[in-house]
Amino acid sequence: MKAIVFDNAGTILKRITAIKSTHGDTIFFETNTIGIANKNPNQIIVVFQQPTPQIIQTQKPNTRIYNYMKQNKDKFEISYSQIPITKDELIEKLKKDTTTINQITKTATTLIDKFNIEICSGSALIIDTQKGCITYVFTAGGVFFDTTKSTIKKLKDLNFEVYIASGDNHESLMKIATILGIKKSNTYDTANRKEKSEIVKQIQNKGYTVCMVGNNLNDELALECADVSILNLEQKEELPEYLICKVDHTVNKLSEILDII
């Protein structure tokens with residue numbers, strides 16, 4: 001039995017991200033948010049589960065993000081971290097941070113106005129846990145890579161069990177699963193580095209030979225666990241050389257995985 005696990009953004013979806021520092025007004029477009037977070041080992045990425053439009057519509061612009069997170073612990077997840085930290089610990093560290101919901105509105109509005117995105121993946125934060133402050137706010141969306149839909153269809157024709165394991169939020173991944181015809185039970189949202197590797201192991205324990213396809217450091221542990229590991233470089237992000245050397249294969253276009261498996 002054969003299974004293939006895909007990360008989402010940067011792997012099957014061309015990611016477009018509007019990001020801004022909380023210390024300035026400039027909004028820029030940089031997809032490698034993990035690379036930004038990794039500039040400081042104390043920085044983590046927090047993803048909001050609640051869709052961005054709902055956050056904007058239900059919260060006053062001057063509401064502190066700290067207050068929103070404190071009152072809605074079930075609506076955010078720590079999706080990327082190199083350090084152990086719980087939600088309660090994170091909220092305690094942020095109690096002096098004054099960043100407001102309006103910062104999310106600015107990035108979301110800019111993203112929607114500038115790009116014709118197919119999927120809005122939602123909004124997220126980069127947080128410096130040592131300083132106890134939100135350093136960046138970003139909203140992400142994207143369009144499928146040119147060969148995503150045809151590649152997934154071919155894999156299913158070849159009797160692969162297809163999975164998605166991503167740090168993105170539940171709503172966007174369910175929409176993607178529906179479009180691509182992937183079982184919702186095979187779709188894992190807001191999965192961090194460790195959880196992705198555990199998902200691969202769970203599938204292997206069912207008797208499957210598992211191929212993992214990722215695109216960045218948040219996929220590293222899952223790539224290590226997989227029987228076959230593939231990095232998709234189609235997003236054209238700068239990656240550490242050791243990650244590229246560690247995997248079995250790299251591809252420049254998603255459809256190239258069909259020549260490997």
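Right above here is the structure, for reference.
Residues numbered from 1 in each chain as written. Predicted model: local features only at pLDDT ≥ 70, side-chain atom pairs only at ≥ 80, totals over all residues. Heavy atoms only, no water.

## Observations regarding helix H7 (residues 170-180)
All of the buried residues in H7 are Ser 172, Leu 173, Met 174, Ile 176, Ala 177 and Leu 180. Among the structural elements, strand S2 (13-21), strand S6 (119-128), strand S7 (133-144), helix H6 (148-157), strand S8 (161-165) and strand S9 (187-188) are those in contact with the buried residues of H7. Its side-chain oxygen at 3.4 Å from the backbone nitrogen of Glu 171, Asn 169 defines the N-terminal cap of H7. Immediately downstream of H7, the backbone of Gly 181 shows phi near 70°, a positive value. (Buried < 20%, exposed > 50% of the residue type's maximum accessible area, 1.4 Å probe, protein only. Helix = DSSP H or I, 4+ residues; strand = E, 2+ residues; numbered from the N terminus. Contact = heavy atoms within 4.5 Å. Polar contact = N/O pair within 3.5 Å; in protein donor to acceptor, adjacent residues only side chain to side chain.)

## Some points on the nonpolar core
Grouped together as the largest cluster of nonpolar side chains are 29 residues, with contacts concentrated most on Val 5, Ile 45, Ile 126, Ile 203, Val 210 and Met 212. Leave out the neighbours within four places in its chain, and Ile 45 touches Thr 33, Ile 34, Ala 37, Glu 77, Ile 78, Ser 79, Tyr 80, Ala 124, Leu 125, Ile 126 and Phe 138. Among the nonpolar cores identified, the runner-up in size contains 22 residues, and Ile 12, Ile 152, Leu 173 and Ile 257 belong to it. (Core = buried A, V, L, I, M, F, W, Y, C linked by side-chain atoms within 4.5 Å.)

## A word on the sheet that holds S8
Read from one edge to the other, the open sheet built from six strands follows the order S9-S8-S1-S10-S11-S12, with strand pairing classed as parallel. Looking at strand neighbours, the two that pair on one side only are S9 and strand S12 (249-251), the edges of this open sheet. With two bridges connecting them, S8 and S9 associate as parallel partners. When the bridges of S9 are listed, Ile 164 appears paired with Thr 187. (Pairing = 2+ DSSP bridges.)

## A few points about unusual backbone geometry
At Asn 159, a position not held by glycine, the phi torsion is positive, near 70°. Its identity as a non-glycine residue notwithstanding, Thr 190 has a phi of 45°, on the positive side. Here Thr 190 is to be found in the loop between S9 and helix H8 (193-205).

## Here's the deal with the layout of surface pockets
Its volume calculated, the largest pocket comes out at about 340 Å³. Lining of the largest pocket is provided by 18 residues; of these, Ile 78, Tyr 80, Ser 81, Ile 83 and Asn 192 occupy positions nearest its centre. At the level of elements, strand S5 (76-80) and H8 are the ones that each hand at least two residues to the lining of the largest pocket. Take the lining of the largest pocket: its biggest share by element is four residues, from S5. Tallied by class, the residues present in the lining of the largest pocket amount to seven nonpolar, six polar and five charged. Empty space within the second largest pocket amounts to approximately 290 Å³. If you go around the second largest pocket, you meet 19 residues; those closest to its centre are Pro 51, Thr 52, Pro 53, Cys 120 and Glu 171. Mapped onto the lining of the second largest pocket, the elements with two or more residues apiece are helix H2 (52-58), helix H5 (101-114), S6 and H7. When its residues are assigned to classes, the lining of the second largest pocket shows nine nonpolar, seven polar and three charged. (1 Å grid on protein atoms, 1.4 Å probe; cavity = no way out; pocket = protein on both sides within 12 Å on 5 of 7 lines; lining within 4 Å. Points joined across faces, edges and corners; volume = space filled by probe spheres on them. Nonpolar A, V, L, I, M, F, W, Y, C, P; charged D, E, K, R; others polar.)

## Description of the environment of Glu 77
Inspection of the secondary structure puts Glu 77 in strand S5. Residue Glu 77 is classed as partly exposed on the basis of its relative accessible area of 26%. Sequence spacing of Glu 77 and Phe 28 is 49 residues, and the spatial spacing of their C-alpha atoms is 24 Å. Other than its neighbours up to four places away in sequence, Glu 77 contacts Ile 45, Val 46, Val 47, Gln 49, Lys 87 and Thr 190.

## What to know about the sheet that holds S5
Strand order in this open sheet of six strands is S3-S2-S7-S6-S4-S5, and the pairing throughout is antiparallel. A single partner strand is all that each edge strand has here, and the edge strands are strand S3 (27-29) and S5. Mean inter-strand twist for the sheet, computed between neighbouring axes without regard to direction, equals 30°. Bridge analysis of S6 against S7 gives nine bridges, and the strand direction is antiparallel. Bridging across to S7, Ile 119 finds its partner in Gly 142. Of the strands in this sheet, S2, S3, strand S4 (43-48), S6 and S7 touch H5, which is tilted by about 25° from S7. (Axes fitted to C-alpha atoms, helices over the stretch in contact; angles between N-to-C directions.)

## Things to note about the packing of aromatic side chains
A full pass over the atoms with the stated rule returns three aromatic pairs. Ring centres of Phe 28 and Tyr 136 lie 6.5 Å apart, and the angle between their planes is 85°; on these two criteria the pair is classed as edge-to-face. Of this pair, Phe 28 sits in strand S3 while Tyr 136 is found in strand S7, placing the two residues 108 residues apart along the sequence. For Phe 28, a relative accessible area of 30% corresponds to the partly exposed category. Tyr 136 gets classed as partly exposed once you look at its relative accessible area, which sits at 22%. Summarising the aromatic geometry, the rings of Phe 29 and Phe 115 are spaced 5.3 Å apart at their centres and angled 80° between planes, so their arrangement reads as edge-to-face. Of this pair, Phe 29 sits in strand S3 while Phe 115 is found in the loop between H5 and S6, placing the two residues 86 residues apart along the sequence. Positioned above the aromatic ring of Phe 76 is the side chain of Lys 87, whose terminal nitrogen or guanidinium carbon lies 4.9 Å from the ring centre. (Phe/Tyr/Trp six-rings, centres within 6.5 Å; stacked < 30°, edge-to-face > 60°. Lys NZ or Arg CZ within 6 Å of the ring centre and 35° of its normal.)

In short, the description is geometric, and any link to function would need to be established separately.
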